[in-house]
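# Architecture and fold: a report
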Amino acid sequence: MRHPVSLMLCLGGAVILSACQNSSDAQVQRALKDVNVIDESNLNDVMLSVADPNEAVEYFTRTLQQNPDRIDVMRGLARSLIRAQKTTESAQVWRNVVAHPESTPEDRVMLADALIRSNLWGEAKAELNQIPPTHESFDRYRLEAMVADSDKNWKKADSFYETAVGLTTTPASTLNNWGFSKLTRGDKQGAEKLFIEALTYDPQLFTAKNNLVLARAAQRKYDLPVVKMTQTERAELLYSMALAAIKQGDVTVGKGLLNQAIETHPKYFEAAVRSLEALDANVKT
């Protein structure tokens, strides 16, 4: 008579054991999923920073096909496309990100960035206008400054550049852009000051060095500024200064600078040699 009871107890124990096993399996699966998410997140970071841009595009495209609703993967693909210089495709992906229910105002900023890179200034301006004024970020004001520049709204551009510079610890490229803006509108001294400031943050930024030389040459300052430079950079800066001098009609000065550039360069400076030959040919004729 006790066998059925024993059987029931055994069966009950089996059910409990099965339930425990299922619970344990579920916990393991959840733990593995968490680990996979962490590993995938690390891989995403690698793909966005050190991987070949085209490989990153393939990775995020494949991942997005498997997870079409994941906004982080969409962002990764959009950023990878920018790195691969596929700005039009990136803008389309950013549009999908902006349409996602989990999107943020910064996603619209990145859409505007992709549109500017695609030379779609009007569309970029329209996107920036949709961002609430309470959203303040370095990229937002950097892009606002560039759009204001394109509209030749210098007062607004200066205000946005100043705000952007105050929102980052690495303002060198923005200061360089601001300086170039000043240079194009004829404020040579203001431009020179901003290029020097840019180089205090990033002494390796050659674009700022070259722009500094151009700003000084525009004021007929034909000596190299006291900034850190390699021998090759010195030759290239002398060459830029020479061309600026010739363009302003200071041909003799320009010719002397071309000779200095050729002598300074550690290798054969073909561009400077051609320019000097062309200058000599024009003088003879």
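Definitions and cut-offs
- Residues numbered from 1 in each chain as written.
- Predicted model: local features only at pLDDT ≥ 70, side-chain atom pairs only at ≥ 80, totals over all residues.
- Heavy atoms only, no water.
- Helix = DSSP H or I, 4+ residues; strand = E, 2+ residues; numbered from the N terminus.
- Buried < 20%, exposed > 50% of the residue type's maximum accessible area, 1.4 Å probe, protein only.
- Contact = heavy atoms within 4.5 Å.
- Phe/Tyr/Trp six-rings, centres within 6.5 Å; stacked < 30°, edge-to-face > 60°.
- Lys NZ or Arg CZ within 6 Å of the ring centre and 35° of its normal.
- Salt bridge = Lys/Arg side-chain N within 4 Å of Asp/Glu carboxyl O.
- Core = buried A, V, L, I, M, F, W, Y, C linked by side-chain atoms within 4.5 Å.
- Expected span 1.5 Å × (residues − 1).
- Polar contact = N/O pair within 3.5 Å; in protein donor to acceptor, adjacent residues only side chain to side chain.
- Axes fitted to C-alpha atoms, helices over the stretch in contact; angles between N-to-C directions.
- Parallel < 35°, antiparallel > 145°, perpendicular 65-115°, else oblique.
- Nonpolar A, V, L, I, M, F, W, Y, C, P; charged D, E, K, R; others polar.

## Comments concerning the overall build of the chain
Helices and strands together make up the secondary structure of the chain, namely 14 helices and 0 strands. When the helices and strands of the chain are listed from N to C terminus, the series reads α-α-α-α-α-α-α-α-α-α-α-α-α-α. Burial status across the chain gives 41% buried among its 285 residues. Taking the contacts inside the chain whose residues are at least 6 apart along the sequence as the reference set, 46% of them involve residues at least 24 apart.

## So, the packing of aromatic side chains
Here the distance between the centres and the angle between the planes together describe a pair of aromatic rings. Applying the stated rule across the entire model yields 4 aromatic pairs. Considering the side-chain rings of tyrosine 161 and tryptophan 178, the 5.8 Å spacing of their centres and the 15° angle between planes classify their relative orientation as stacked. Of this pair, tyrosine 161 sits in helix α8 (residues 154-165) while tryptophan 178 sits in helix α9 (residues 172-184), and the two are 17 residues apart along the sequence. An identical accessibility class is assigned to tyrosine 161 and tryptophan 178; each is buried. In this structure, arginine 140 packs its charged tip against the face of tyrosine 141, placed 5.6 Å from the ring centre.

## Overview of the pattern of salt bridges
Applying the stated criterion across every chain, the model contains 20 salt bridges. Glutamate 127 is paired through a salt bridge with arginine 108; the nearest N and O atoms lie 2.6 Å apart. You can see glutamate 127 sitting in helix α6 (residues 121-129) and its partner arginine 108 sitting in helix α5 (residues 105-117), a full 19 residues away along the chain. Grouping residues by exposure puts glutamate 127 and arginine 108 together as buried. Through salt bridges with shared partners, a single ionic network connects Arg95, Arg108, Glu123 and Glu127.

## Some remarks on the environment of asparagine 259
For asparagine 259, the position within the fold is in helix α13 (residues 251-264). A relative accessible area of 31% means that asparagine 259 is categorised as partly exposed. A C-alpha to C-alpha distance of 9.8 Å links asparagine 259 and alanine 235, two positions 24 residues apart in sequence.

## Description of the nonpolar core
Counting residues in each nonpolar core, the largest one holds 32 residues, and the members touching the most others are Met47, Phe60, Leu77, Trp94, Leu111, Leu128 and Leu143. Excluding anything up to four places from it in sequence, leucine 111 contacts Ala91, Trp94, Arg95, Val98 and Glu127. Counting 22 residues, the second-largest nonpolar core is a separate cluster that includes Phe138, Leu183, Leu199 and Ala208.

## Focus: helix α10 (residues 188-201)
Over its 14 residues, α10 runs 21 Å from end to end, which matches the ideal 20 Å to within 8%, given 1.5 Å per residue. All buried positions along α10 are accounted for by Gly190, Ala191, Glu192, Leu194, Phe195, Ala198 and Leu199. N-cap assignment for α10: the residue whose side-chain oxygen lies 3.0 Å from the backbone N of glycine 190 is aspartate 187.

## Quick notes on the packing of α9 against α10
Contact pair α9 / α10: the axes reach a minimum separation of 8 Å and the direction vectors enclose 170°. Judged by the angle between their axes, α9 and α10 are roughly antiparallel. In this structure, α9 uses Ala172, Leu175, Asn176, Trp178, Gly179, Phe180, Lys182 and Leu183 to contact α10, whose residues at the interface are Lys188, Gly190, Ala191, Leu194, Phe195, Glu197, Ala198 and Tyr201. Residues of the contact of α9 with α10, tallied by class, amount to 10 nonpolar, 3 polar and 3 charged.

## Points about the side chain of histidine 265
In this fold, histidine 265 is placed in the loop between α13 and α14 (270-284). The buried category is assigned to histidine 265, whose relative accessible area is 16%. Among the polar contacts made by the side chain of histidine 265, one reaches the main-chain amide nitrogen of lysine 267 at a distance of 3.0 Å.

## A few points about α9
Over its 13 residues, α9 runs 18 Å from end to end, which matches the ideal 18 Å to within 8%, given 1.5 Å per residue. Every buried residue belonging to α9 is among Ala172, Thr174, Leu175, Asn176, Trp178, Gly179, Ser181, Lys182 and Leu183, and all of these are buried. Looking at the buried positions of α9, the neighbouring elements they touch are α7 (138-150), α8, α10 and α11 (206-218). Of the residues one or two after α9, glycine 186 is the one with positive phi, at around 95°.

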